[in-house]
Amino acid sequence: MEFYGRAAVGEYLGDRIVYRNLSPVDERLPSLSVVQHELFLPAGNIPRKTQPEYAQVVVHLLHRARALDATGTPIGRLIFIGDTRMNDATAFANICRAGEWPGLAFIGSEDAQPANVERLSIEAGMGLYLSNRWSVLADFDRYCASQGLPIDEYAAVVIDLDKTAIGARGRNAHVIDQARVAAVRETVARLLGEDFDQESFIKAYNQLNQVEFHLFTADNQDYLAYICLILGSGLYDQEELVNRVRAGEVVSFRQFIDQVEGNTGELPSGLASIHSEIYANVRAGDPTPFKPFRRNEFLATVERMGFLEDDSPVEKMLAEEILLTQEVRQLAEQWQQRGALLFGLSDKPDEASLPTLALSQKGYRPIHQTITHAVGDR
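Below or above, wherever it landed, is the structure these notes cover.

The rules behind these values
- Residues numbered from 1 in each chain as written.
- Predicted model: local features only at pLDDT ≥ 70, side-chain atom pairs only at ≥ 80, totals over all residues.
- Heavy atoms only, no water.
- Helix = DSSP H or I, 4+ residues; strand = E, 2+ residues; numbered from the N terminus.
- Buried < 20%, exposed > 50% of the residue type's maximum accessible area, 1.4 Å probe, protein only.
- Contact = heavy atoms within 4.5 Å.
- Areas by Shrake-Rupley, 256 points an atom, 1.4 Å probe, with all protein chains shown as cover.
- Lys, Arg positive; Asp, Glu negative; His and termini not counted.
- Charge placed at Lys NZ, Arg CZ, Asp CG, Glu CD.
- Phe/Tyr/Trp six-rings, centres within 6.5 Å; stacked < 30°, edge-to-face > 60°.
- Pairing = 2+ DSSP bridges.
- Axes fitted to C-alpha atoms, helices over the stretch in contact; angles between N-to-C directions.
- Salt bridge = Lys/Arg side-chain N within 4 Å of Asp/Glu carboxyl O.
- Expected span 1.5 Å × (residues − 1).
- Disulfide = S-S within 2.5 Å.

### Regarding the overall build of the protein chain
What the protein chain contains, in helices and strands, is 16 helices and ten strands. Along the first, second and third principal axes, the C-alpha set of the protein chain runs to 65 × 55 × 45 Å. In the protein chain, buried positions account for 53% of the 378 residues. For the protein chain, contacts bridging at least 24 residues in sequence account for 73% of all contacts bridging at least 6. Accessible area of the protein chain: about 16,400 Å², with a carbon and sulfur share of 47%. If you average the places of the 36 positive and of the 53 negative side-chain charges in the protein chain, the two averages end up 3 Å apart.

### Structural notes on the packing of aromatic side chains
The full count for this structure, using the stated rule, is 16 aromatic pairs. Residues Phe201 and Tyr205 carry aromatic rings whose centres are separated by 6.0 Å and whose planes lie at 35° to one another, so their mutual orientation is tilted. You can see Phe201 and its partner Tyr205 sitting in helix α7 (residues 198–208), four residues apart, about one turn around the helix. Comparing Phe201 with Tyr205 shows no difference in burial state: the two are buried. Ring geometry for Phe290 versus Phe293: centroids 6.2 Å apart, planes at 65°, classification edge-to-face. Here Phe290 matches Phe293 in class, with each residue buried. Taken together through their ring pairs, the aromatic side chains of Phe216, Tyr223, Tyr226, Tyr236, Phe253 and Phe256 make up a single cluster.

### A few points about the sheet that holds strand β2 (residues 17–18)
Read from one edge of the open sheet, seven strands run β2-β9-β7-β3-β4-β6-β5, paired in mixed fashion. With one partner strand each, in any of the chains shown, β2 and β5 (117–123) form the two edges of the open sheet. Of the strand pairs in this sheet, β2 and strand β9 (residues 341–345) are connected by two bridges, and their pairing is parallel. Bridge pairing in β9 places Val18 opposite Leu345. Across the sheet, helix α3 (residues 52–69) lies against β2, β3 (77–82), β7 (155–160) and β9, angled at about 145° from β9, the strand it touches most.

### Thoughts on the pattern of salt bridges
Should their charged atoms come close, side chains of opposite charge can pair. Scanning the model with the defined rule gives 31 salt bridges in all. A salt bridge links Arg338 to Asp141; the nearest nitrogen and oxygen atoms lie 2.7 Å apart. Residue Arg338 is located in the loop between α15 (326–337) and β9, and its partner Asp141 is located in helix α5 (residues 137–146); the two are separated by 197 residues in the primary sequence. Accessibility expressed as a relative area gives 35% for Arg338, which makes it partly exposed. Where Asp258 meets Arg254, a salt bridge forms, and the shortest distance between an N and an O atom there is 3.1 Å. Here Asp258 pairs with Arg254, and both are found in helix α11 (residues 253–261), just four residues apart, close to one helical turn. Taking relative accessible area as the criterion, Asp258 reaches 32% and is therefore assigned partly exposed. If you follow the salt bridges from partner to partner, you end up with Arg16, Asp26, Arg28, Arg66 and Asp69 in one network.

### Regarding the environment of Glu266
Relative to the helices and strands, Glu266 resides in the loop between α11 and α12 (271–283). Along the primary structure Glu266 and Asp141 are separated by 125 residues, whereas in three dimensions their C-alpha atoms are 59 Å apart.

### Concerning α15
The terminal C-alpha atoms of α15 lie 17 Å apart, and with twelve residues this matches the ideal 16 Å at 1.5 Å per residue to within 8%. Taken together, the buried positions of α15 are occupied by Gln326, Glu327, Val328, Arg329, Leu331, Ala332 and Trp335.

### Some words on the state of the cysteines
All chains considered together, the criterion is met by zero disulfides. Cys144 provides the cysteine sulfur closest to Cys96, a residue in no disulfide bond, and the two sulfurs are 11 Å apart. Overall, the relative accessible area of 2% leaves Cys96 in the buried class. What makes Cys144 buried here is its relative accessible area of 0%.

### Let's talk about the environment of Gln113
Mapped onto the elements of the fold, Gln113 is located in the loop between β4 (103–108) and β5. Relative accessible area serves as the criterion here: at 52%, Gln113 is assigned to the exposed category. For the pair formed by Gln113 and Asn132, sequence separation is 19 residues and the distance between their alpha carbons is 7.8 Å. Sequence-distant contacts of Gln113, that is, excluding residues within four places in its chain, are made with Asn132 and Arg133.

Laid out in structure tokens, this is it:
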């Protein structure tokens, strides 16, 4: 691995990126509510990445973005760069179908196995290029051209942000995870004060973060943070809750928080107000109801970007910083020069990705505009 200077994702994406709320950072593009109105989609609901409605919104935004700088040049193909075969590949296929475009998706995730590439066909004109090396992205570029899908002015390139453009999966993604866990711990500790027990928190978080409990937590970190907070308050016992979940007596987070609502009188003073805030957000359908946690996640994330000296060993950078993936950066810049439309997607909540007004005034920048080190394979 080598160090390739400092940069930000925004150097090649600009503000053409949507976080979980699906409202573009680039204010020249329409907000989610406007797009939903224009497409006759249900209002007040934020579709998730694997849903067809998400793809419809993205396609609409891609057309609008293309019209901003290349009026008269239609999008003829879709290229997707991501890191998960399930979520990203599903989103890619849905976007291709919604846009009626042929396309190819690169799904990268490094491991210790020998370098390997697998090419799969989803359906006619739509395929996946799976690799356990980010360094083969240049080969993927050539492969696209060989398949009649060159990445040029007729291509829209959708780039996943988290664990793709930054914190590459299998290489540097663990630092993103560390930032999130630190934010949960900091939030719960601050709210519980002297009652916070770090050992009990770690035990609860690690157990309930497993796939076994995803039906209960909906694999939602806001929900998990809230559950850890309630367990830390002493209102429920962890072992008892786990047993009830396994027995099918508690089957959803909504059931759990409804039960807490019925017992707010037993919550320690100071927690009732944060519970009420989270409960109101859950009832309103907000997928990121624990706002203090997500604001702490933003701080924990940017604090892990670009803080090391430039002459630090690359191994130390990989272990401690959230880094730009040089291979993605390098190819994205080449695609941009060829006239391709670049657009970024992130499933990270807006509250964990964008600074508050107060933080902006202190010099904090959105995640995609935060400078950090770029590292890539030789």
